[in-house]
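Observations on chain architecture
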Amino acid sequence: MVEEIFDVVLQSTGGFVAENRDWQESPPPEGDFRLGADLWIGRLPLNIQGETVFDACEPAGFNFNPARQYGYRYAFCRKVEPCSNDYYSWDSDVVLGKVLFLSRLIHPTTVGTHYSARLYFRDGNLKTIVPGHTQGYGTHAWIVASHWRDWLCVSETETLRDSLPKYILNAPNRVRRARKHIDHSFHSFYLDQRVASLVTSFESLLKVSQYQATSQFKSRAPRLAQMVGLNITDGEAQTLYCDRSAFVHGDETSFAELSDELIEQYNRFERVLRLSLLQASTDEDFSKLFAADDSVIQAFGRI
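Attention now moves to the nonpolar core. Ranked by internal contacts, the top residues of the largest apolar core, which has 57 residues, are Leu35, Phe76, Leu160, Phe202, Leu205, Phe217 and Phe290. Ranked by residue count, the leading element in this core is helix H9 (residues 260-282), at nine residues. Apart from the residues within four sequence positions on either side, phenylalanine 217 is in contact with Val199, Phe202, Pro222, Ala237, Leu240, Tyr241 and Phe269. Core analysis: the second largest hydrophobic core is formed by 17 residues, Phe54, Cys57, Tyr72 and Cys77 among them.

This is the structure:
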């Protein structure tokens, strides 16, 4: 009797309507793309249908069977070692959690653990599906956009594959704190909350003193952008910091109307931070820039 167990996370097609141009120019990988040993992005194992996993993850209701209006684009799948019927240990070693986090640094999508599960097979037949982390904080991921390519393209899956073995688990404290705060922004629906977490993540990397906080941000954030090949101005940085301060200090914010300009500005700052943390999480030399106050000052200047 052969038992096989898989942890999976489904990327739903329900987040954004796919644009034909995006699909033609940046399609997702075909078939199963290997990310590592017993780890891939692609189809569910052993020909299991997405509907089966969706049904297991969603509340059943009573006498309630609406037609589902979405499917899954691909799944993150990992074969795990059989254990003693521990049905509550989905991704207990956080391998899929690391994969999802790195994928968001590379290209954010709405994939979240609200469609996660552990699949139990015996002799090739599905026996049990146990929902993973499907409820509570961190189960949904959000995008600040009205139109978005809600999948990883081939080059991004290649970057993800290449980044996984380089991931610096015990990075400097500044990097680890910044990763925590950007992760919070990925899981925040409202823009004022996202901006607060985004700026806090920047400050985790760049702030060295409680004094002149605005000056530190508006001076060092643009320099960080230049290091990853992007551009933000001192004035834009100051505006974002003031918006963040208004929210955290209980003042009225300017996020009631989500204009295209506001969305574009937010995403430029998020992209700077994403690329910076991706490099700081996979490049030892870059990571060392954030090892101490002195190294931050040396790399980004004294105020």
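Next comes the rest of the write-up.
Right, let's get into the side chain of threonine 139. Here threonine 139 lies in the loop between strand E6 (125-131) and helix H4 (154-163). When residues no more than four places from it in sequence are discounted, the contact partners of threonine 139 are Gly112, Thr113, His114, His133 and Thr134.

Take the pattern of salt bridges next. As enumerated under the stated definition, the model contains 15 salt bridges in all. Residue glutamate 4 is joined to lysine 79 by a salt bridge in which the shortest nitrogen-to-oxygen separation is 3.1 Å. Residue glutamate 4 is located in strand E1 (residues 3-12), and its partner lysine 79 is located in strand E4 (residues 72-80); the two are separated by 75 residues in the primary sequence. Taking relative accessible area as the criterion, lysine 79 reaches 33% and is therefore assigned partly exposed. Of the charged contacts, one joins aspartate 162 and arginine 161 as a salt bridge, the two residues approaching to 3.0 Å between their closest N and O atoms. Judged by its relative accessible area of 39%, aspartate 162 falls in the partly exposed class. Assessed through its relative accessible area of 32%, arginine 161 is described here as partly exposed. Residues joined by salt bridges that share partners form a network here, namely Glu51, Asp55, Glu58 and Arg68.

We now examine unusual backbone geometry. Leaving glycine aside, a negative phi is the common case for residues, and trans is the common case for peptide bonds. In this structure, aspartate 38 is a non-glycine residue whose phi angle is positive, near 60°. Relative to the elements of secondary structure, aspartate 38 occurs in the loop between strand E2 (33-36) and strand E3 (39-42). With relative accessibility at 41%, the residue aspartate 38 sits in the partly exposed group. With phi around 60°, valine 94 is a residue other than glycine that occupies positive phi space.

This part is about the layout of surface pockets. In this structure, the largest pocket spans a volume of roughly 510 Å³. Around the largest pocket, the lining is made up of 21 residues, and of these Val94, Gly97, Lys98, Phe101 and Asp183 lie nearest the centre. At the level of elements, helix H3 (95-106) and helix H5 (173-186) are the ones that each hand at least two residues to the lining of the largest pocket. The dominant element in the lining of the largest pocket, judged by the number of residues it contributes, is H3, at six residues. Here the lining of the largest pocket is built from residues that sort into eight nonpolar, six polar and seven charged. As a volume, the second largest pocket reaches approximately 430 Å³. Taken together, 27 residues form the lining of the second largest pocket, with Thr110, Ala141, Trp142, Ile143 and Phe189 sitting closest to its centre. Residue assignment for the lining of the second largest pocket shows that the elements contributing at least two residues are E1 and helix H6 (191-206). Looking at the lining of the second largest pocket, the element that brings in the most residues is E1, giving three residues.

What counts, and at which threshold
- Position labels on residues start from 1 in each chain and follow its written sequence.
- Note on the predicted model: pLDDT of at least 70 is required for a residue's local features to be given, and 80 or more for side-chain atom pairs to be given and counted; whole-chain, interface and lining totals, by contrast, use all residues.
- The basis for every side-chain value is the complete set of non-hydrogen atoms in the structure, without hydrogens or water.
- The term nonpolar core refers to a set of buried residues drawn from Ala, Val, Leu, Ile, Met, Phe, Trp, Tyr and Cys, joined through side-chain atoms within 4.5 Å.
- With a 1.4 Å probe rolled over the protein chains alone, any residue whose accessible area is under 20% of its type maximum counts as buried; one over 50% counts as exposed, and the rest are partly exposed.
- Think of it this way: any DSSP run of H or I at least four residues long counts as a helix, any run of E at least two long counts as a strand, and we number them from the N terminus.
- The contact rule is simple, with two residues in contact once any of their heavy atoms fall within 4.5 Å.
- What counts as a salt bridge is simple: a side-chain nitrogen of Lys or Arg found within 4 Å of a carboxyl oxygen of Asp or Glu.
- Note on definitions: the grid is 1 Å and covers protein atoms alone; a cavity is a set of points where a 1.4 Å probe fits but cannot get out; a pocket is an open set with protein on both sides within 12 Å along at least five of seven lines; lining residues have an atom within 4 Å of a point.
- Grid points are joined across faces, edges and corners, and a volume is the space filled by probe spheres set on the points.
- Each residue is assigned to one of three groups, with Ala, Val, Leu, Ile, Met, Phe, Trp, Tyr, Cys and Pro labelled nonpolar, Asp, Glu, Lys and Arg labelled charged, and all others, Gly among them, labelled polar.

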